[in-house]
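# A structural walkthrough
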Amino acid sequence: MLTLTDYLLNERGKTKHDVTILLHQIENVSKIIASHVKASGLIDILGKTGKTNTFGEEVQKLDDFANKLLINTLLTGGQVHAVVSEENEKPVFATKANDGDYIVFFDPLDGSSNIDVTCPIGTIFGIYHKSGDILQPGKDQIAAGYIIYGSSVMFVYTAGNGVNGFTLDPAVGNFFLSHSKITMPQDGEIYSINEAYEHTFDKELRAYLQHLKKKPHTASRYVGSMVADMHRTFIKGGIFLNPGNTSRPKGKLRLTIEVNPFAYLTEQAGGKAVGLANKNPLLTVPEHIHDRTPAIIGSKKMVDEYLSFYKDGK
Ligand code: FDP
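So, here's what we can say about the structure.

### Comments concerning the sheet that holds strand β9 (residues 163-169)
In any sheet, the strands associate via hydrogen bonds between backbone groups, in a parallel or an antiparallel arrangement. Overall, mixed pairing links the 8 strands, which are arranged β4-β3-β5-β6-β7-β8-β9-β10 in an open sheet. Looking along the sheet, the strands with just one partner apiece sit at the ends: β4 (92-93) and β10 (174-179). Lying on the sheet, helix α3 (residues 61-76) is in contact with β3 (80-85), β4, β5 (102-110) and β6 (121-129); it crosses β5 at an angle near 160 degrees. On top of the sheet, helix α5 (residues 226-236) reaches β5, β6, β7 (143-149), β8 (153-158) and β10; it is set at about 105 degrees to β7, its chief contact.

Below is the structure:
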């Protein structure tokens with residue numbers, strides 16, 4: 001019975017940067033968020049704040065709570081130089097007294113439109129060293145991960161040495177190693193996309209979707225919460241697509257906050273991710289912290305088959 005804390009301590013010293021304490025702080029926050037998510041149907045935290053974030057999207061109370069808790073914990077914990085949240089227009093910096101070495105990008109509660117229907121939601125994070133600019137390519141991530149608040153709560157992360165998953169035992173209050181060295185199946189049978197937008201996709205993607213429908217055993221699954229759809233993809237294999245379309249040429253997902261952490265985890269798990277112009281999103285230097293990118297992520301063979309529908313892979 002190895003806890004996440006045991007695991008983090010065992011890993012100490014094996015990587016160039018020591019993010020043990022920082023990951024432990026994220027773990028602690030995630031337990032508190034998890035307890036609030038579980039209670040959200042019972043207490044009067046459910047519902048909307050009535051506010052919109054800087055991008056005009058509705059902010060829900062639980063998002064607000066998770067966001068403030070993460071920001072306050074990380075900025076006062078002595079490990080972090082700056083945080084970049086999906087809910088904040090600009091980075092927030094630690095005071096001189098609390099200044100640390102790391103920059104953490106996070107989405108405090110991804111898939112928030114699923115909160116009030118009790119579907120899985122999650123927290124996503126990506127960690128960089130402050131020696132670079134705030135805007136670093138995803139390949140420079142030191143660690144990345146997500147916490148899924150579903151039928152179980154799981155903490156899944158990589159620090160460049162494989163992907164490991166820990167499941168929360170709510171009675172004990174500890175995450176225990178349950179999914180050691182997660183490997184994404186090389187091929188899969190599930191595609192995950194919001195097909196309501198099919199008429200807005202390019203002809204290559206529409207042809208690929210028609211091809212999938214003709215393949216035996218192919219199934220479609222779309223929760224509409226990236227963490228849940230990607231978690232299934234890690235475990236069962238498949239392909240997750242949030243492509244550009246005529247109304248949103250760069251898609252909906254944020255490069256730094258959502259796509260890069262999952263692209264790094266996917267690479268570590270033996271899968272494949274492509275973004276804008278079907279290139280590896282981890283190589284893109286972001287121009288803005290809230291840049292969007294198309295994201296096609298999943299089992300290597302499925303992503304390669306998707307790419308074969310594009311001339312020159314574009
Ligand atoms: P949400 O808006 O509910 O927070 O980027 C956010 C996200 O959810 C992802 O988790 C999810 O994959 C995507 O949006 C769903 O987008 P569509 O509703 O356009 O399918």
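Don't stop here, the text continues.
### Observations regarding the environment of glutamate 89
By the element assignment, glutamate 89 lies in the loop between β3 and β4. Remark: the alpha-carbon pair of glutamate 89 and histidine 199, spanning 110 residues in sequence, is separated by 32 Å.

### Focus: the sheet that holds strand β12 (residues 219-220)
With mixed pairing, the 5 strands of this open sheet are ordered in space as β12-β11-β13-β15-β14. Edge positions in the open sheet fall to β12 and β14 (272-274), since each of these has one partner strand only. The sheet contact formed by strand β11 (residues 190-192) and strand β13 (residues 239-242) spans 2 bridges and is parallel. Bridge assignment links tyrosine 191 to a residue of β13, and that residue is isoleucine 239. Running at roughly 30 degrees to strand β15 (residues 295-298), helix α6 (residues 255-268) makes contact with β14 and β15 of the sheet.

Reading the values: rules and limits
- Residues numbered from 1 in each chain as written.
- Predicted model: local features only at pLDDT ≥ 70, side-chain atom pairs only at ≥ 80, totals over all residues.
- Heavy atoms only, no water.
- Pairing = 2+ DSSP bridges.
- Helix = DSSP H or I, 4+ residues; strand = E, 2+ residues; numbered from the N terminus.
- Contact = heavy atoms within 4.5 Å.
- Axes fitted to C-alpha atoms, helices over the stretch in contact; angles between N-to-C directions.

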